[in-house]
Amino acid sequence: MKVIDFIFAARPMLLMPVWSIYLLAFRLRYPFQAWEDANTLALVGLTLAAAGAYYINQIFDYESDRINNKIGFLQHEIISRNQMIAAFLSVSLVAVIITLFSSIFAAFIVLLINLLGLAYSAPPLKLKDRPLGGLLTNAGGFGVLVPLVAMSDLDADIHLVYIIIYFSLIVAAGYLLTIIPDRKGDTVTGKTTLAAELSNRRIISIGLIMLICSLLVAFLIFDFYIIIVSTVSITLFIIALMAPEENVILVACKLPILLVVIVAGIHYPAFLVFILVLIVLTRLYYRKRFGLIYPRIN
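Everything numeric here is computed off the predicted structure, so don't read it as measured data.

J.: Even after reading the chapter, I still don't get the overall build of the protein chain, so can you show me in this structure?
T.: Regarding its fold elements, the protein chain presents 14 helices and 0 strands. When the helices and strands of the protein chain are read in sequence order from the N terminus, they spell out α-α-α-α-α-α-α-α-α-α-α-α-α-α. Its C-alpha atoms put the protein chain at 50 × 45 × 40 Å along the principal axes. Counting over 298 residues, the protein chain shows a buried share of 51%. Sequence separation of 24 or more characterises 73% of the internal contacts of the protein chain that already satisfy a separation of 6 or more. Carbon and sulfur atoms make up 71% of the accessible area of the protein chain, which amounts to about 14000 Å² in all. Across the protein chain, the 21 positively charged side chains and the 17 negatively charged ones have centroids separated by 9 Å.

This is the structure in structure tokens:
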């Protein structure tokens, strides 16, 4: 059971954007290239690096997660602090080693992700607790570094730039909505996040501008599916702007992620099957372990 606990403590639902962005970035960059073993190794390494970031985040977000009533493996004493630190160190090291068998470049990017995950949560930087630190780290990590792991060449042409800009914008917009429900815990624990500084409508407005820009970039990439993702996301943000209630904000935050997963699944049907199985298993685990219905849209 302890192994299963560590698997779900890695927050597999939050890994879905990592997998989806990798798959879509690869497909957008190389529309006619077949999937290779190197891609599998890179994706495994990327998964472990992201899991490590989530492990270390739970250690330093212990108090705010408790206040915000988030599902806490540490708070419920299912996993100890020392075990979580050991898990972070282990998966971070293995992530780099595995990715080396894909390419030195991918391994270097995964190493950067490890370091960024540490800087995001741990002192002295604790970027997640700063107004722009959390925003830029998420946009840079998910929007820049994850797509770069999917690149098998270093030719920085305009198409690659568009892909990175697109994912950076949609990730940044999504991040802005995720911090709104955390406002109470952030304020009590002295964090100076954007949620603690700005109103809901102002945060949503900033995210909406980013999504409008992402739609323009999607047209430059000329991909029908990501145009749909941006269009639907814009619609949801407009609804949230008109009715900035928590349930509406959560739907506006989570549904675009689901759309990205579906688009990735269109290109890679096996991925969609994997996600469906994962959701079922996650539901069963959280019902048994915590008595909760998770995941859910609102």
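After that view, the rundown keeps rolling.
J.: Would you explain helix H1 (residues 2-9) in this entry?
T.: In an α-helix there are 3.6 residues to a turn, and that puts residues three or four apart on one side. Taken together, the buried positions of H1 are Asp5, Phe6, Phe8 and Ala9. Here the buried face of H1 lies against helix H2 (12-29), helix H3 (37-60), helix H5 (81-100) and helix H14 (269-289). Downstream of H1 by a residue or two, Arg11 has a phi angle that is positive, lying close to 55°.

J.: Explain the packing of aromatic side chains here, please?
T.: By convention here, two paired aromatic rings are described through the distance between centres and the angle between planes. Tallied over the entire structure, the rule returns 17 aromatic pairs. Here Phe6 and Tyr55 contribute two aromatic rings whose centre-to-centre distance is 6.3 Å and whose plane-to-plane angle is 80°, an arrangement assigned as edge-to-face. Here Phe6 is found in helix H1, whereas its partner Tyr55 is found in helix H3, with 49 residues between them in sequence. Taking relative accessible area as the criterion, Phe6 reaches 18% and is therefore assigned buried. On the basis of relative accessibility, which here comes to 5%, the residue Tyr55 falls in the buried class. Through a chain of ring-to-ring contacts, three or more aromatic side chains come together here, namely Phe8, Phe73, Tyr285, Tyr286, Phe290 and Tyr294.

J.: What should I look at first to understand helix H7 (residues 133-149) in this one?
T.: Its 17 residues place the ends of H7 22 Å apart at the C-alpha level, agreeing with the 24 Å of an ideal helix rising 1.5 Å per residue. Along H7, the sharpest change in direction is near 30° and occurs at Gly140. For H7, a buried count of 14 out of 17 residues is recorded, marking the element as mostly surrounded by other parts of the structure.

J.: How should the environment of Ala270 be read in this particular structure?
T.: Looking at the element boundaries, Ala270 is found in helix H14. Separated by 35 residues in sequence, Ala270 and Thr235 have C-alpha atoms that sit 29 Å apart.

J.: So what exactly am I meant to see when it comes to the nonpolar core here?
T.: Side chains of a nonpolar character, in soluble globular proteins, are inclined to be buried together. Membership of the largest hydrophobic core comes to 81 residues, with the highest contact counts inside it found for Tyr22, Val149, Tyr166 and Phe167. With 13 residues, helix H8 (residues 158-178) is the single largest residue contributor to this core. Residues Phe6, Ile56, Met84 and Tyr285 belong to the second largest nonpolar core, which totals 19 residues.

J.: Explanation requested: unusual backbone geometry in the structure shown.
T.: Comment: phi is negative for the bulk of residues other than glycine, and the bulk of peptide bonds are trans. Geometrically, the link from Pro123 to Pro124 is a cis peptide bond, its omega value of 10° lying close to zero. One can find Pro124 in the loop between helix H6 (104-121) and H7. Between Tyr294 and Pro295 the backbone carries a cis peptide bond, its omega angle lying at 5°. Mapped onto the elements, Pro295 comes out in the segment after H14. Here Glu77, not a glycine, exhibits a phi torsion of approximately 55°, which is positive. Here Glu77 lies in the loop between helix H4 (62-67) and H5. Judged by its relative accessible area of 72%, Glu77 is exposed. Positive phi values are uncommon outside glycine, yet Phe222 reaches one of about 65°.

J.: I would appreciate a short explanation of the pattern of salt bridges in the present structure.
T.: Should the charged atoms of two oppositely charged side chains come close, the side chains can pair. For the coordinates displayed, the defined rule picks out 8 salt bridges. With its nearest N and O atoms 2.7 Å apart, the salt bridge here joins Arg29 to Asp157. Residue Arg29 is located in helix H2, and its partner Asp157 is located in the loop between H7 and H8; the two are separated by 128 residues in the primary sequence. A salt bridge links Lys128 to Asp61; the nearest nitrogen and oxygen atoms lie 2.5 Å apart. With Lys128 in the loop between H6 and H7 and Asp61 in the loop between H3 and H4, the pair connects residues that are 67 residues apart, well separated along the chain. An identical accessibility class is assigned to Lys128 and Asp61; each is buried.

What counts, and where the lines are drawn
- Residues numbered from 1 in each chain as written.
- Predicted model: local features only at pLDDT ≥ 70, side-chain atom pairs only at ≥ 80, totals over all residues.
- Heavy atoms only, no water.
- Helix = DSSP H or I, 4+ residues; strand = E, 2+ residues; numbered from the N terminus.
- Buried < 20%, exposed > 50% of the residue type's maximum accessible area, 1.4 Å probe, protein only.
- Contact = heavy atoms within 4.5 Å.
- Areas by Shrake-Rupley, 256 points an atom, 1.4 Å probe, with all protein chains shown as cover.
- Lys, Arg positive; Asp, Glu negative; His and termini not counted.
- Charge placed at Lys NZ, Arg CZ, Asp CG, Glu CD.
- Phe/Tyr/Trp six-rings, centres within 6.5 Å; stacked < 30°, edge-to-face > 60°.
- Expected span 1.5 Å × (residues − 1).
- Bend = angle between axes of the 7 residues up to and from the residue.
- Core = buried A, V, L, I, M, F, W, Y, C linked by side-chain atoms within 4.5 Å.
- Salt bridge = Lys/Arg side-chain N within 4 Å of Asp/Glu carboxyl O.

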